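# Overview (structure and organization)
Here's the letter readout for the chains.
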There are 2 protein chains.
Amino acid sequence: MTYSLILLAHGSSDPHWRAPFEQLHYALAQRMQTPLRLAYMELSEPSLESSVAELAQQGATRAEVLPLFFAAGRHLRKDVPAQIEALRAAHPGLELTLLPPVGEHPAFVEALAAVIAERAGEKSSRG
Amino acid sequence: MTYSLILLAHGSSDPHWRAPFEQLHYALAQRMQTPLRLAYMELSEPSLESSVAELAQQGATRAEVLPLFFAAGRHLRKDVPAQIEALRAAHPGLELTLLPPVGEHPAFVEALAAVIAERAGEKSSRG
């Protein structure tokens, strides 16, 4: 079984907007063993569609999509699930899972608490 | 010196969009000693303007604005700095600082690495 994780960002026609996501992807890819890709929901390349097609072509059997979103708004409740459904139909050999957005993950709340504690000179509860 | 930290989210006319930010603010306020507020750049209330005005009225002398954004796009490079400038002029007794977006903070990269490691069954380098 070949597993990949796709970091999904919204996308923008502004290349300045994309740069920090590319840096984040690079920083994570450097330190993780998990094959990581960065894809965009719309407006930027590589798209989610082309990324999943490439994974399927390479024989990947399982991929998870981790949205780099703070919250599950309309995009994550409607648009992205529809994209995922269409991709499942197009690539039946690839098991595709949409994860909750990173902003809803407890580790993210921890990180935010640490950032605030640092700013405020408050001792972080993480110790 | 009275210090406050303002979590700044983009804002949306969709109340569904706001809910996770409100939950995040609540979760953080519960565990932090630092006075925390959640404000929106546009489209939602409370606005950054009304939040800062309230802090100034309450006699706050220092406030930092932490953008709940992944990246410094046009909003954080142009729109929000202009808002902050206007607020400084309107409330000279309040020292107002705009922080980099949380997405650019090392703690955030750590958190994301932990989320990915957990999904991929990979040992996190945080241990």
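Note that the coordinates shown come from a computational prediction; the quantities given were computed from them, not determined experimentally.

On inspection of all chains with the given rule, the structure shows one cavity of 30 Å³ or more. Of the volumes computed, that of the largest cavity is approximately 40 Å³. If you go around the largest cavity, the residues you meet are Phe108, Ala111, Leu112 and Val115 of chain A together with Val102, Ala107 and Phe108 of chain B. Listing elements by their share of the lining of the largest cavity, those giving two or more residues are helix H4 (106-120) of chain A together with helix H4 (106-120) of chain B. Per-element accounting of the lining of the largest cavity gives the leading share, four residues, to H4 of chain A.

What follows concerns the sheet that holds strand S1 (residues 3-9) of chain B. Spatially, four strands are ordered S2-S1-S3-S4 (chain B) in an open sheet, and the strand pairing comes out parallel. Both edges of this open sheet fall to strand S2 (36-40) and strand S4 (95-98) of chain B, since each of them pairs with a single strand only. Adjacent strand axes in the sheet meet at a mean angle of 25 degrees when their direction is disregarded. Where S1 of chain B lies against strand S3 (residues 62-67) of chain B, six bridges are found, and the strand directions are parallel. Opposite tyrosine 3 of chain B, over in S3 of chain B, you have arginine 62 of chain B as the bridge partner. Where H4 of chain A meets the sheet, its contacts fall on S1, S2 and S3 of chain B, and the angle it forms with S1 of chain B comes to roughly 145 degrees. Strand contacts of helix H1 (residues 15-31) of chain B: S1 and S2 of chain B, with the helix running at about 165 degrees to S2 of chain B, the strand carrying the most contacts.

So, on to the pairing of S3 of chain B. Residue and element names in this part refer to chain B. Within S3, six of the six residues are buried, leaving the element largely enclosed by the surrounding structure. Covered by surrounding structure in S3 are Arg62, Glu64 and Leu66 together with Ala63, Val65 and Pro67, the residues of both alternating faces. Of the pairings in the sheet, the one linking S3 to S4 comprises four bridges and is parallel in character. In the sheet register, glutamate 64 faces S4, and the bridge partner there is threonine 97. You can see the chain leave S3, run along helix H3 (residues 74-90) and come back into S4, and the turn it takes is right-handed.

How each quantity is defined
Residues numbered from 1 in each chain as written. Chains lettered and ligands numbered in written order. Predicted model: local features only at pLDDT ≥ 70, side-chain atom pairs only at ≥ 80, totals over all residues. Heavy atoms only, no water. 1 Å grid on protein atoms, 1.4 Å probe; cavity = no way out; pocket = protein on both sides within 12 Å on 5 of 7 lines; lining within 4 Å. Points joined across faces, edges and corners; volume = space filled by probe spheres on them. Helix = DSSP H or I, 4+ residues; strand = E, 2+ residues; numbered from the N terminus. Pairing = 2+ DSSP bridges. Axes fitted to C-alpha atoms, helices over the stretch in contact; angles between N-to-C directions. Contact = heavy atoms within 4.5 Å. Buried < 20%, exposed > 50% of the residue type's maximum accessible area, 1.4 Å probe, protein only. Right-handed = clockwise from strand over helix to strand, strands pointing away.

Purely geometric numbers; function is a separate question.
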